[in-house]
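Geometric and topological summary
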Amino acid sequence: MTDIPKSHPRYASLMAREKIASGVREGITSIQGLIAQGRGETFDYILGERTTLAAENATVAASAALLLAERPAISVNGNVAALAAAEMVELATLLDVPLEVNLFHRSEDRVKRIADLLRSHGAKNVLGEKPDARIPGLEHSRALATRNGIYDADVVLIPLEDGDRCEALRKMGKTVIAIDLNPLSRTSMMASISIVDNITRAVPNIIEKIQQLSGCPREELQRILDEYDNKRTLKAALIEMQEYLRSRMDELAC
Ligand code: PTJ
């Protein structure tokens, strides 16, 4: 990895880039994952590289949904593994739920490398190496799923996903939580709850919110969920982007 000093003004962003590049070198991230990261960086830039109020609200709703779920599951792909393997394991351990490796550009070698990486961080329940079901309506590899994992889950967390599977999971009646920096992506539009934030900030934030909400009565968690409106949240994310851009334009006018 390139040695990036902590004092560098773009340290967090450059480190994420290094992690994705290492992921590709180690056979964890697909080459296409580099492009996905670049697209994410662009949206993060126009969000001001911070967790917005819209993302904060979606994170609270997502945490309530995960705490209320009977059979939650968490999906992990090559970008997620490179950027947040330890944090995904921490979240899965906190909730006592399976992590399921699910890849768009699937190869058995990459599935195994990601599963091994998650286990090396202490994950006890890693699925995806032996899928035994298919998500209806999908013809690509993302259709592959595991019973007692994503296939049977009532609530699924899908970071950095494609819209197709998000839609198909919704059609199966599941509550789908997306983490996606693009508020206009099909995934963000199709999900039940869209966290428009960088996965590197979003997962630690979900962990924190789950710890804060874990003592709440179920009725209170249900009230949080009932009051949540995903379309309103996506509009709020776009408005926060617009306001950030306007503030940058004002700086240029000075
Ligand atoms: O490992 P695989 O084979 O399953 O492939 C994973 C990728 C991510 C390459 C694959 O799912 C893909 O091509 O995804 P897309 O269609 O490019 O969508 C990824 C979405 O994630 C885009 O909307 C990006 O803006 C968003 N994104 C990228 N990086 C981040 C992000 N969202 C949050 N945090 C990021 N760091």
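These numbers were taken from a predicted model, which means no experiment stands behind them.

1. Focus on the packing of helix 2 (residues 32–47) against helix 10 (residues 230–253)
At their nearest, the axes of helix 2 and helix 10 sit 7 Å apart, and the two run at 70° to each other. Classified by the angle between their axes, helix 2 and helix 10 sit roughly perpendicular to one another. Residue-level contacts link Phe43, Tyr45, Ile46 and Leu47 of helix 2 to Met241, Tyr244 and Leu245 of helix 10. Residues that form the contact of helix 2 with helix 10 fall into these classes: 7 nonpolar, no polar and no charged.

2. Describing helix 3 (residues 53–68)
For an α-helix, 3.6 residues make a turn, and residues three or four places apart therefore share a direction. Between its terminal C-alpha atoms helix 3 stretches 23 Å, which fits the 22 Å expected from 16 residues at 1.5 Å a residue. Looking only at helix 3, the buried set comprises Ala54, Ala55, Ala58, Thr59, Ala61, Ala62, Ser63, Ala64, Ala65, Leu66 and Leu68.

3. Examining the site of the ligand
Within the structure, the ligand sits among 24 residues, and Arg39, Phe104, Arg110, Arg142 and Asp180 are positioned closest to it. Between the ligand and Arg142 there is a distance of 2.7 Å, counted from an oxygen atom to a side-chain nitrogen or oxygen. Within the side chain of Asn198, a nitrogen or oxygen atom sits 3.0 Å from a nitrogen atom of the ligand. When isolated, the ligand has an accessible area of 740 Å², and the protein chains bury 93% of it. Spatially, the ligand is embedded in the largest pocket. Going through the elements one at a time, helix 2 and helix 4 (78–95) are the ones with two or more residues in the shell around the ligand. Among the elements that take part in the shell around the ligand, helix 2 stands out by supplying 5 residues, more than any other. For the shell around the ligand, a count of residues per class yields 7 nonpolar, 11 polar and 6 charged.

4. Some points on the packing of helix 3 against helix 8 (residues 199–213)
Where helix 3 contacts helix 8, the two axes come as close as 9 Å, and the packing angle between them is 60°. Relative to helix 8, helix 3 is oriented oblique. Helix-helix and strand crossings are classified by hand; for helix 3 and helix 8 the assignment is right-handed. In this structure, helix 3 contributes Glu56, Thr59, Val60, Ser63, Ala64, Leu66 and Leu67 to the contact, and helix 8 contributes Asn205, Ile206, Lys209, Ile210 and Leu213. Within the contact of helix 3 with helix 8, the residues separate by chemical class into 7 nonpolar, 3 polar and 2 charged.

5. As for helix 1 (residues 11–25)
Between its first and last C-alpha atoms helix 1 spans 21 Å; for 15 residues at 1.5 Å apiece the expected length is 21 Å, and the two agree. Buried within helix 1 we find Ser13, Met15, Ala16, Glu18, Ile20, Ser22 and Gly23. As for helix 1, its buried residues are in contact with helix 2 and helix 4. Looking at the residues trailing helix 1, positive phi occurs at Gly27, about 75°.

6. Comments concerning the layout of surface pockets
The volume enclosed by the largest pocket comes to roughly 740 Å³. Residue lining of the largest pocket: 35 residues in total, with Ala36, Arg39, Asn79, Leu160 and Glu161 positioned closest to the centre. Residue assignment for the lining of the largest pocket shows that the elements contributing at least two residues are helix 2, helix 4, helix 7 (186–190) and helix 8. The leading source of residues in the lining of the largest pocket is helix 2, at 9 residues. Considering only residue class, the lining of the largest pocket consists of 11 nonpolar, 15 polar and 9 charged. Space inside the second largest pocket adds up to approximately 330 Å³. Ala12, Ser13, Ala16, Asn198 and Thr200 are, among the 20 residues lining the second largest pocket, the residues nearest its centre. When contributions to the lining of the second largest pocket are tallied by element, the ones reaching two or more residues are helix 1, helix 2, helix 4 and helix 8. Here the lining of the second largest pocket gets 6 residues from one element, more than from any other, and that element is helix 1.

Basis of the calculations
Residues numbered from 1 in each chain as written. Predicted model: local features only at pLDDT ≥ 70, side-chain atom pairs only at ≥ 80, totals over all residues. Heavy atoms only, no water. Axes fitted to C-alpha atoms, helices over the stretch in contact; angles between N-to-C directions. Helix = DSSP H or I, 4+ residues; strand = E, 2+ residues; numbered from the N terminus. Parallel < 35°, antiparallel > 145°, perpendicular 65-115°, else oblique. Contact = heavy atoms within 4.5 Å. Nonpolar A, V, L, I, M, F, W, Y, C, P; charged D, E, K, R; others polar. Expected span 1.5 Å × (residues − 1). Buried < 20%, exposed > 50% of the residue type's maximum accessible area, 1.4 Å probe, protein only. Near = heavy atom within 4 Å. Polar contact = N/O pair within 3.5 Å; in protein donor to acceptor, adjacent residues only side chain to side chain. Areas by Shrake-Rupley, 256 points an atom, 1.4 Å probe, with all protein chains shown as cover. 1 Å grid on protein atoms, 1.4 Å probe; cavity = no way out; pocket = protein on both sides within 12 Å on 5 of 7 lines; lining within 4 Å. Sits in = over half its atoms within 2 Å of the grid points. Left-handed = near helix turned anticlockwise from the far one by under 90°. Points joined across faces, edges and corners; volume = space filled by probe spheres on them.

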